[in-house]
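Topology and contacts: notes
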Amino acid sequence: MGRRIWIDVTGLRPGSDAGLYGLHLAEALACAGQPVQPCLRAPGLIALSLNNLRAAMTVAPLELTQAELFRPAPPRETPLQSEDSADLPAAGDLVIFLSLRGDGSRMAQNGAMLVLLATNVTTLSRPEWRWPREVDEAAIFLRDTAPHIAFGIAQAEESAGVLRRAGISVHRTMRGAADGGTPVPNPSHPRPFIFASGEIGEAGQTRQLLPVWRRLLETMPEGAVPDLIIAGPIGPQAADVLEQLWNCRFIEGRARVILFPSPAQIAGFARDCVFAISMSPGTGWGRGTLNAQCMGAPCLSAFHSYGAVPFDPENPAAVAARIRAWLVDPPVKPPLFNRTWDDAARDLLRILPA
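A brief report on the enclosed structure follows. (Residues numbered from 1 in each chain as written. Predicted model: local features only at pLDDT ≥ 70, side-chain atom pairs only at ≥ 80, totals over all residues. Heavy atoms only, no water.)

When helices and strands are counted, the protein chain shows 13 helices and 14 strands. C-alpha atoms of the protein chain, sized along the principal axes, occupy 65 × 40 × 40 Å. Counting only residues that meet the buried cut, the protein chain has 53% of its 354 residues in that class. Across the protein chain, every contact between residues at least 6 apart in sequence was considered, and the portion connecting residues at least 24 apart equals 75%. Surface accessibility of the protein chain: about 15,000 Å² in total, with carbon and sulfur atoms responsible for 54%. (Helix = DSSP H or I, 4+ residues; strand = E, 2+ residues; numbered from the N terminus. Buried < 20%, exposed > 50% of the residue type's maximum accessible area, 1.4 Å probe, protein only. Contact = heavy atoms within 4.5 Å. Areas by Shrake-Rupley, 256 points an atom, 1.4 Å probe, with all protein chains shown as cover.)

This is the structure we're talking about:
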């Protein structure tokens, strides 16, 4: 048997940006004819089929309404399995870690080459934004697994800097791609809107959007401020901002919130929006930004990407000023950013060690 590429999805939450990165990448590698094997450690290693992975990482979309307050459930726990499955990484195989989770050192002891393809390093840069368990597992990863990492890949230079400061060598940076959905055929919203795409919660800076929209509605002429559509997966510390949105009746009907949007919904919102705003930090993989750019939407982005306009999402006054400027003087529609997951898979295969 030739070299296999194992993709470790341990700890990735269903519907999360990192979880969908793993699913998209695994599917693209399989389409490229690679012997790809998803797996997780619970703590025994479990081999997954692509169908298992798809079922585990996909969550049905849910649009919030005033009918009932949505309370995010805690992260789904993987059933404990102390023993490894019969199929394990062998000498010469590659094991790709997508997150800083737990101890994978025994894979290196079996002769496999460990690769870190870090989809999100916010656990290291802003641990106060993540769940305590994620922070604890990152510490275990740095202690037990990081010394065995043979090749490190980051999503951008900001992430690379965080990893290097934690003692992990980064050999290359590599971008992901947009979800690649076909847009919904009908208009995605009946009125002009701004599309806020990204993880909903503290790391996604969702709470900053409420004072921003209040400031815009109070300082701009009536009818000049578009609606706000917030769409993304649920992340840590999301309950507070969702309760605020519910209490203000979704900014008196000016906002919609879609949890775990489908690729078709995301593409439709990016196609139809006045412009997009991606609040998630540059320490992730830029899913919201790439989805906007794939549809040619002008984008204010906390993730640095060629063609997107950078901004500081932690400063509500500055965010409001930037949005107001674009509403007064609309931005030029940028060219499409036609990067697919097939492109990402080819790039990964080119840069991985032989």
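Moving on, we get to the packing of helix H1 (residues 17–31) against helix H13 (residues 341–351). The contact between H1 and H13 brings their axes to 9 Å, and the two run at 75°. Classified by the interaxial angle, the pair formed by H1 and H13 is roughly perpendicular. Across the interface between the two elements, Tyr21, His24, Leu25, Ala28 and Leu29 of H1 pack against Trp341, Asp342, Ala345, Leu348 and Leu349 of H13. Each residue belonging to the contact of H1 with H13 can be placed in one class, and the counts come to eight nonpolar, one polar and one charged. (Axes fitted to C-alpha atoms, helices over the stretch in contact; angles between N-to-C directions. Parallel < 35°, antiparallel > 145°, perpendicular 65-115°, else oblique. Nonpolar A, V, L, I, M, F, W, Y, C, P; charged D, E, K, R; others polar.)

Another point: helix H10 (residues 263–272). Of all the residues in H10, the buried ones are Ile266, Ala267, Gly268, Phe269 and Ala270. On its buried face, H10 sits against strand S9 (193–197), strand S10 (227–232), strand S11 (255–259) and helix H11 (287–294).

Glancing now at H13. What H13 keeps buried is the set Trp341, Ala344, Ala345, Asp347, Leu348 and Ile351. Looking straight down H13, one finds its buried side chains confined to an arc of 160°; they lie on one side. Next to the buried residues of H13 lie H1, strand S5 (94–97), strand S6 (113–117), strand S7 (149–154) and strand S8 (172–173). Looking at where H13 begins, the residue whose side-chain oxygen comes 3.3 Å from the main-chain nitrogen of Asp342 is Thr340. (Arc of directions from axis to C-beta. Polar contact = N/O pair within 3.5 Å; in protein donor to acceptor, adjacent residues only side chain to side chain.)

What follows deals with unusual backbone geometry. The amide bond that connects Ala42 to the next residue, Pro43, takes the cis arrangement and shows omega of -15°. With respect to the secondary-structure elements, Pro43 resides in the loop between strand S2 (36–41) and strand S3 (45–47). Of note in the backbone geometry, Arg249 takes a positive phi value of approximately 55° without being a glycine. Looking at where Arg249 falls in the secondary structure, it is placed in helix H9 (residues 249–253). Taking the relative accessible area as the measure of exposure, Arg249 reaches 48% and is therefore partly exposed.

On to the pairing of S10, then. The element S10 is largely enclosed, with a buried count of six among its six residues. Side-chain alternation along S10 places Asp227, Ile229 and Ala231 on one buried face and Leu228, Ile230 and Gly232 on a second face that is also buried. Two elements, S9 and S10, share five bridges in a ladder whose sense is parallel. For Ala196, the partnering residue across the bridge sits in S10 and is Ile230. Following the chain from S9 across helix H7 (residues 209–219) to the adjacent parallel S10, one finds a crossover that is right-handed. (Pairing = 2+ DSSP bridges. Right-handed = clockwise from strand over helix to strand, strands pointing away.)

As a further point, take the sheet that holds S7. Spatial ordering of the open sheet is given by S3-S2-S1-S5-S6-S7-S8, a layout of seven strands whose pairing is mixed. Sheet topology places S3 and S8 at the edges, where each strand pairs with a single neighbour. For strand S1 (residues 5–8) and S5, the ladder comprises four bridges, and the chain directions are parallel. Note on S5: the bridge partner recorded for Ile5 is Leu94. Across the face of the sheet, H13 comes into contact with S1, S5, S6, S7 and S8 while running at roughly 145° to S7.

Running from N to C, H7 and helix H12 (residues 316–328) point in directions that differ by 50°, and their axes come no closer than 9 Å. Classified by the angle their axes make, H7 and H12 are oblique. The hand of the H7/H12 crossing is right-handed. Mapping the contact onto sequence places Pro211, Val212, Trp213, Arg215, Leu216 and Thr219 in H7 and Pro316, Ala317, Val319, Ala320, Ile323 and Arg324 in H12. Residue composition of the contact of H7 with H12, grouped by class: nine nonpolar, one polar and two charged. (Left-handed = near helix turned anticlockwise from the far one by under 90°.)

Attention now moves to the side chain of Arg101. Mapped onto the fold, Arg101 is located in the loop between S5 and helix H3 (105–109). On the accessibility criterion, Arg101 (12% relative accessible area) is buried. Within the structure, the side chain of Arg101 is placed 3.0 Å from the backbone oxygen of Gly11, a separation counted as a polar contact. At 2.4 Å, the side chain of Arg101 forms a polar contact with the side chain of Glu137. Setting aside anything within four residues of it in sequence, one finds Arg101 in contact with Thr10, Gly11, Arg41, Glu134, Glu137 and Phe141.

This part covers the sheet that holds strand S14 (residues 309–310). The strand order across the open sheet built from seven strands is S4-S11-S10-S9-S12-S13-S14, with neighbouring strands paired in mixed fashion. Edge positions in the sheet fall to strand S4 (62–63) and S14, since each has one partner strand and no second. Looking at chain direction, strand S13 (residues 299–301) and S14 are connected through two bridges and run parallel. Residue pairing for S14: Ser301 is matched across the bridge by Pro310.

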